[in-house]
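Examination of the molecular architecture
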Amino acid sequence: MDIFFNNPRGKLFLVVMFGLSMIIAGVISYSMSRLHQKSIESNLLKAQMYSKTFQDHFTQNIKSIDILLENIAISATQEQDEIQSIFEKLLINSPYLRSISLLDEHGVIIKSSNSDNINRVVNLDGFFPKPFASNSILRFSDIYFGRDFHSMVVAREEEFSNYNGLSFFAISKNFQIDNSSFSLLVALNPNFYINYYSNFLDIDSSCVILHRYDGRVATSTCSFIPGEVYMDGLVAKKAKERISDAFVDMEDKFLSYHASEIFPFSIVVSLDYEKNMKNWRAERDLVLSLSIFLVVLIFVLGGYLFFKLESRKREREEERIEAFLMMKKRVEEAVKVTREQDIVIFEQKREQSLSNLLINIAHQWRQPLNNIGMLIQVIEDDLSENSVDIESVKKRVQIAMDELTSLSSTISFFTELRLRNASASYVDLKDTLESIIVILEHELKSLNIETVLRIEDNCKIFAFKNEIVEIFIQLIENVIEIVKKRKLEECHIEISCKKDENEYKIEIEDSAGGIDEEIIKNIFDPYSTLSFKSRDKGLGMYQIKRVIKDRYDGDIFVRNSQRGAVIDMVLKNYNSSFKSPAS
């Protein structure tokens with residue numbers, strides 16, 4: 001333990017580990033708090049979704065009953081003898097109804113889908129709401145024990161002992177048609193709603209309560225008896241204000257209260273807090289166990305690693321020094337090898353450039369050869385048809401000769417580039433650049449690259465033509481590469497040259513977007529990684545600068561303009577005292 005308490009780094013290690021443990025504990029505590037809150041919000045949202053769904057379902061049923069009673073009322077006046085049959089047919093498609101009955105103006109059931117209900121008297125005065133402007137509104141009864149009107153008992157607290165598991169409540173609507181007054185009455189089946197709610201919820205961990213605005217339970221999936229007054233404190237307040245909401249009550253239950261906007265009923269969905277938070281507790285326990293294990297593991301591994309690191313400190317220092325010396329030696333050897341390969345790479349790039357030239361020449365030759373072939377074929381056709389026109393033949397032969405002369409010029413230009421031992425001569429930059437553009441024409445056109453030459457007539461430099469051509473081809477191919485890489489739709493290259501005393505000032509500007517400033521700083525370095533990133537031509541730029549400085553006593557610079565990259569070159573006549581490895 002001395003290594004921890006008697007060592008400054010050991011004390012620092014303990015402080016860091018303690019701080020790290022506190023941070024981990026804080027993060028875990030915050031995460032648990034957020035996870036707990038999210039779980040509560042999720043369960044409240046679930047309860048709210050259920051209460052809204054059940055309330056919408058119940059409201060739609062009541063609306064359907066209203067429409068049903070309207071249709072029955074019309075049939076009752078026209079087909080009163082068949083009303084019993086109509087009741088029975090409608091009841092088949094309405095599982096939420098127990099019976100449909102027709103009452104006379106005294107409240108006596110005269111027709112019913114349940115024959116046991118006939119002649120039963122139903123007091124409609126106790127139905128609510130009380131009619132105020134028209135009798136033709138839906139009105140709702142008290143909660144009744146029993147299966148139907150023939151066995152009903154008003155569900156009051158003193159009658160709870162008579163509850164045998166069957167209950168219902170009624171909906172009535174009065175009608176005045178053709179001077180006749182009657183009422184239609186339906187008995188709602190609470191068991192239908194209990195079964196409907198049970199399909200969505202786990203009854204062991206949840207409860208759904210359908211109650212009237214006065215708090216009396218109409219039906220429930222839990223232990224509430226129909227007719228019992230249910231009013232949770234918050235629910236009572238929200239029922240009074242008719243506010244739909246979800247919250248956690250004083251008994252730690254997820255409650256969602258949803259009031260009907262049309263009818264005097266509300267739905268309360270209650271989810272058991274403990275059972276519905278079971279998943280969160282399982283995740284909490286798992287995270288806490290893993291966190292404790294992680295903290296202990298960090299302390300053990302950290303202490304072990306610290307001990308090992310300290311005990312091997314001197315060995316590592318020696319290994320570091322040895323590795324540094326070895327690395328230094330390898331770097332020196334690599335630099336030596338790279339320098340030796342410099343010339344080889346330059347030659348390979350020259351061969352690659354000439355291969356690209358040959359490909360472009362092949363494209364350049366196709367059209368002239370095509371034209372010559374067509375002229376010969378036309379002459380042959382004229383000969384076969386004995387319709388030879390001497391003047392026409394001469395004209396076609398001259399065109400063919402012009403095409404052949406052009407091809408011969410291309411070959412001559414290309415042959416000059418291949419002559420390594422050729423002597424220096426005056427090179428017309430304008431003619432040379434035009435020849436280069438012709439050779440690269442196919443690739444330039446395919447990439448929509450436009451070249452503009454602004455060369456003064458006196459720009460004729462004493463130089464090796466193949467070197468001048470390779471320099472400009474290299475620079476133009478740099479632009480071609482960047483256009484391909486950046487997938488530009490078009491590009492513009494402008495090359496200008498003017499003679500100032502014994503110097504030739506050349507400027508090449510493109511519109512390809514320029515070069516990163518960090519790359520420009522190292523673009524002429526022979527072994528810099530950044531050089532190769534510039535335009536995949538880092539070594540080429542290094543060799544170009546070598547030739548320009550040593551062979552032609554000039555210099556080359558790269559900068560960015562608003563449109564793209566600008567290359568400034570200064571060339572003087574060939575310096576015979578220098579002989580490059582590439583010559």
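Along each chain, the written sequence defines residue order, and numbers are assigned to residues from 1. The model is predicted, so local features are restricted to residues of pLDDT at least 70 and side-chain atom pairs to those at 80 or more, both for listing and for counting; the totals for chains, interfaces and linings are taken over all residues. Note that water and hydrogens are dropped before the side-chain values are worked out from all heavy atoms of the structure.

**Looking at the overall build of the protein chain**
- Here a helix means four or more residues in a row that DSSP labels H or I, a strand means two or more in a row labelled E, and each is numbered from the N terminus. Along its length, the protein chain carries 15 helices and 18 strands.
- For the area figures, the Shrake-Rupley method with a 1.4 Å probe applies, and any residue is considered shielded solely by the protein chains shown. Just so you have it, the protein chain exposes about 32700 Å², and 54% of that area is on carbon and sulfur atoms.

**What about the pairing of strand β6 (residues 180-188)?**
- Partly exposed residues are those whose accessible area sits between 20% and 50% of the maximum for their type, while under 20% is buried and over 50% is exposed, using a 1.4 Å probe and protein chains only. Burial analysis of β6 places seven of its nine residues in the buried class, the great majority of the element.
- One bridge is not enough; two strands pair if DSSP finds at least two bridges between them. Of the pairings in the sheet, the one linking strand β5 (residues 167-177) to β6 comprises nine bridges and is antiparallel in character. Paired with Lys173 across the bridge in β6 is Leu184.

**Observations regarding the sheet that holds strand β1 (residues 97-103)**
- Strand order across the open sheet formed by six strands is β2-β1-β6-β5-β3-β4, with antiparallel pairing between neighbours. Every other strand in the sheet has two partners, leaving β2 (109-112) and β4 (153-154) as the edge strands with one partner each.
- Direction of pairing for strand β3 (residues 139-145) relative to β5: antiparallel, over a ladder of five bridges. Pairing of Ile143 across the sheet is with Phe169, part of β5.
- Across the sheet, helix α3 (residues 83-92) lies against β1, β2 and β6, angled at about 155° from β1, the strand it touches most. Here, two residues are considered to be in contact whenever any of their heavy atoms come within 4.5 Å of each other. An axis is simply a line fitted to the C-alpha atoms; with a helix, the fit covers only the stretch in contact. Between two such axes, the angle follows the N-to-C directions and lies from 0 to 180 degrees.

**Looking at a nonpolar patch on the surface**
- Patch membership is restricted to residues that have no salt bridge and whose relative accessible area is over 30%. Joining uses 9 Å for like charges and 5 Å for the nonpolar side chains Val, Leu, Ile, Met, Phe, Trp and Tyr. What counts as a salt bridge is simple: a side-chain nitrogen of Lys or Arg found within 4 Å of a carboxyl oxygen of Asp or Glu. Where nonpolar side chains cluster on the molecular surface, the patch consists of Phe293, Leu297, Leu301, Tyr304 and Leu305 and spans about 510 Å² of accessible area.
- Structurally, Phe293 can be placed in helix α7 (residues 278-311).
- By relative accessible area, Phe293 is classed as exposed at 55%.

**A word on helix α12 (residues 465-486)**
- Here α12 spans 32 Å end to end across 22 residues, near enough to the 32 Å set by a 1.5 Å rise per residue.
- Backbone geometry just after α12 places Lys487 at a positive phi near 55°. A helix is expected to reach a length of 1.5 Å times the quantity of its residues less one.

**Here's the deal with the packing of aromatic side chains**
- Aromatic pairing here means that ring centres of Phe, Tyr or Trp (its six-membered ring) are within 6.5 Å. Orientation follows from the plane angle: under 30 degrees is stacked, over 60 is edge-to-face, and everything else is tilted. Within the structure shown, the criterion is met by 22 aromatic pairs.
- Their ring planes at 15° and their centres at 5.9 Å tell us that Tyr50 and Phe54 sit as a pair that is stacked. Residue Tyr50 and its partner Phe54 are located together in helix α2 (residues 8-78), separated by four residues, close to a single helical turn.
- Since its relative accessible area comes to 0%, Phe54 is described here as buried.
- Ring geometry for Phe54 and Tyr196: centres 6.0 Å apart, planes at 70°, overall edge-to-face. Taken together, the residues Phe54 in helix α2 and Tyr196 in helix α4 (residues 190-200) connect sequence positions 142 residues apart. Here Phe54 matches Tyr196 in class, with each residue buried.
- Seen from the ring of Phe524, Lys545 lies directly overhead, with NZ or CZ sitting 4.7 Å from the centre. Criterion for a charge above a ring: Arg CZ or Lys NZ at most 6 Å from the ring centre, at most 35 degrees from the ring normal.

**Observations regarding the pattern of salt bridges**
- If you walk through the whole model with that rule in mind, you get 17 salt bridges.
- Lys484 is the partner of Glu443 in a salt bridge, and the nearest nitrogen-oxygen pair spans 2.8 Å. Of the two residues, Glu443 sits in helix α11 (residues 441-446) while Lys484 sits in helix α12, which places them 41 residues apart along the sequence.
- A relative accessible area of 39% places Lys484 in the partly exposed class.
- When the shortest N-O distance is used, the salt bridge between Glu507 and Arg559 registers 3.2 Å. On the criterion of sequence distance, the pair formed by Glu507 in strand β16 (residues 503-510) and Arg559 in strand β17 (residues 555-560) is long-range, its members being 52 residues apart.
- On the basis of relative accessible area, Glu507 is assigned to the partly exposed category, the value being 27%.

**Quick notes on the environment of Ser496**
- Note on placement: Ser496 falls in strand β15 (residues 491-500).
- Each residue touching Ser496, except ones within four places of it in the same chain, is listed here: Arg454, Ile455, Lys505, Ile506 and Glu507.

**Quick look at the sheet that holds strand β18 (residues 565-571)**
- Reading across from one edge, β13-β15-β16-β18-β17 is the order of the five strands in this open sheet, with mixed pairing throughout. Lying at the two open borders of the sheet, with one neighbouring strand each, are β13 (449-455) and β17. Across the sheet, the mean angle separating the axes of adjacent strands is 15° when strand polarity is ignored.
- Here helix α10 (residues 429-439) sits on the sheet in contact with β13, β15 and β16, set at roughly 170° to β13.
- Packing against the sheet, α12 makes contact with β13, β15, β16 and β18, and its axis sits at approximately 155° to β15.

**Observations concerning the packing of α10 against α12**
- Direction vectors running N to C along α10 and α12 enclose 50°, while the axes themselves pass 10 Å from each other. By the criterion of interaxial angle, the relationship of α10 to α12 is oblique. Handedness of the α10/α12 crossing: right-handed. In this structure, α10 contributes Leu429, Thr432, Leu433 and Ile436 to the contact, and α12 contributes Lys465, Ile468, Val469, Phe472, Ile473 and Ile476.
- Its residues placed into classes, the contact of α10 with α12 shows eight nonpolar, one polar and one charged. Our angle categories are set so that under 35 degrees counts as roughly parallel, over 145 as roughly antiparallel, 65 to 115 as roughly perpendicular, and the remainder as oblique. The hand of a helix crossing depends on one turn: near helix anticlockwise from the far one by less than a right angle means left-handed, and clockwise means right-handed. Think of it as three bins: nonpolar holds Ala, Val, Leu, Ile, Met, Phe, Trp, Tyr, Cys and Pro, charged holds Asp, Glu, Lys and Arg, and polar takes everything else, Gly as well.

**Some details on the environment of Ser113**
- Mapped onto the elements of the fold, Ser113 is located in the loop between β2 and β3.
- Assessed through its relative accessible area of 17%, Ser113 is described here as buried.
- Linking Ser113 and Arg98, residues 15 residues apart in sequence, is a C-alpha distance of 8.7 Å.
- Setting aside its immediate chain neighbours within four residues, Ser113 contacts Gln84, Phe87, Leu91, Arg98, Ser99 and Ile100.

**Some points on unusual backbone geometry**
- Looking along the chain, the bond that leaves Phe128 and enters Pro129 is cis, with omega of 0°.
- Residue placement: Pro129 occurs in the loop between β2 and β3.
- The backbone phi angle of Asn119 is positive, close to 75°, even though this residue is not glycine.
- With respect to the helices and strands, the residue Asn119 is situated in the loop between β2 and β3.
- Positive phi, normally seen in glycine, also occurs at Glu501, with a value near 55°.
- The residue Glu501 is located in the loop between β15 and β16 in this model.
- With a relative accessible area of 69%, Glu501 lands in the exposed category.

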